[in-house]
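Analysis of the macromolecular model
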Amino acid sequence: MPDMRISLMKGETIPRDIKGRRIICCFCNDKGTWDTKTLEKFAKRFPEAKEWYLHKLPERLRYSGQVLFCPGNNENTIVAIMICSTETADKYGSKIQFPYMYGCLLQAMVKAKQAEASVIVSKLGTDMVEWQWRKLVWILNHAAEMNEGVTAIAVSPYDLSDIFAEPKKKKTKKKGIHRDHYMEDDEPKKKKKKRYKSDI
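**Observations regarding the side chain of Arg62**
- Mapped onto the elements, Arg62 comes out in the loop between helix 2 (47–56) and strand 3 (67–71).
- Glu59 provides the closest opposite charge to the buried, unpaired Arg62, separated from it by 5.1 Å.
- When neighbours within four sequence positions are excluded, Arg62 is seen to be in contact with Asn29, Asp30, Lys31, Gly32, Tyr53, Leu57 and Ile83.

**Focus: the pattern of salt bridges**
- In the structure shown here, the tally under the stated rule is four salt bridges.
- Between Glu12 and Lys123 there is a salt bridge, with the nearest N and O atoms lying 2.9 Å from each other. You can see Glu12 sitting in the loop between strand 1 (7–10) and strand 2 (21–29) and its partner Lys123 sitting in the loop between strand 5 (117–122) and helix 4 (130–146), a full 111 residues away along the chain.
- Taking relative accessible area as the criterion, Lys123 reaches 31% and is therefore assigned partly exposed.
- Taken together, the shared-partner salt bridges in this structure form one network comprising Glu130, Arg134 and Asp162.

**A word on the environment of Phe46**
- You can see Phe46 is positioned in the loop between helix 1 (36–45) and helix 2.
- Looking at Phe46, the relative accessible area reads 1%, which means it is buried.
- Discounting chain neighbours no more than four positions away, the residues touching Phe46 are Ile14, Ile24, Gly72, Asn73, Thr77, Val79 and Leu124.

**Some words on the pairing of strand 4 (residues 77–85)**
- Counting buried positions along strand 4 yields eight of nine residues, so the element is predominantly enclosed.
- Across eight bridges, strand 2 lies against strand 4 in parallel orientation. Opposite Phe27, over in strand 4, you have Met82 as the bridge partner.
- In this sheet, strand 4 lies alongside strand 3 in antiparallel orientation, the contact comprising five bridges. Paired with Pro71 across the two strands is Ile78, which belongs to strand 4.
- Adjacent in sequence and paired antiparallel, strand 3 and strand 4 are bridged by five residues.

Cut-offs applied
- Residues numbered from 1 in each chain as written.
- Predicted model: local features only at pLDDT ≥ 70, side-chain atom pairs only at ≥ 80, totals over all residues.
- Heavy atoms only, no water.
- Helix = DSSP H or I, 4+ residues; strand = E, 2+ residues; numbered from the N terminus.
- Buried < 20%, exposed > 50% of the residue type's maximum accessible area, 1.4 Å probe, protein only.
- Lys, Arg positive; Asp, Glu negative; His and termini not counted.
- Salt bridge = Lys/Arg side-chain N within 4 Å of Asp/Glu carboxyl O.
- Contact = heavy atoms within 4.5 Å.
- Pairing = 2+ DSSP bridges.

Now the structure itself:
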């Protein structure tokens, strides 16, 4: 069981009590279309993120795995626009491309190390179901492991506290031998019949 290098919080938005510099992650697609259903609340809180994604990110740089860092809503906040999703869901109902997401998170970790900031992934910047959050937590934890000293926080609407919990060992009962069962050596031996000369 790997060590937990990140903090897990349950919530619908980014907690305001997280102090210090912050890098807020936002998952976008590579087609240049802003997901109004998922990211409209994000755009209201960080309007420059939408503006930069639509108008300041050239098409030649809008490829999967690319990260664009733009100003947040104050001097201590940076938004990391991560190109790691698609417009349409795959056969599992997921728009997230996890290998590219891992690459994007690593770039955010390096930036956070340089800026002495924390990296935050929340529902505000992505729309994922529980199994996707559980997968993200492992990926984020590994990215934090690769960049020691960086604080990473996952703010999920689901309770994920059991992910790093040690599995409980099952107690095994010793099976005894029932008294009605005999071992091979305990079986009664048959007596040999004596032979007489008259029988020959």
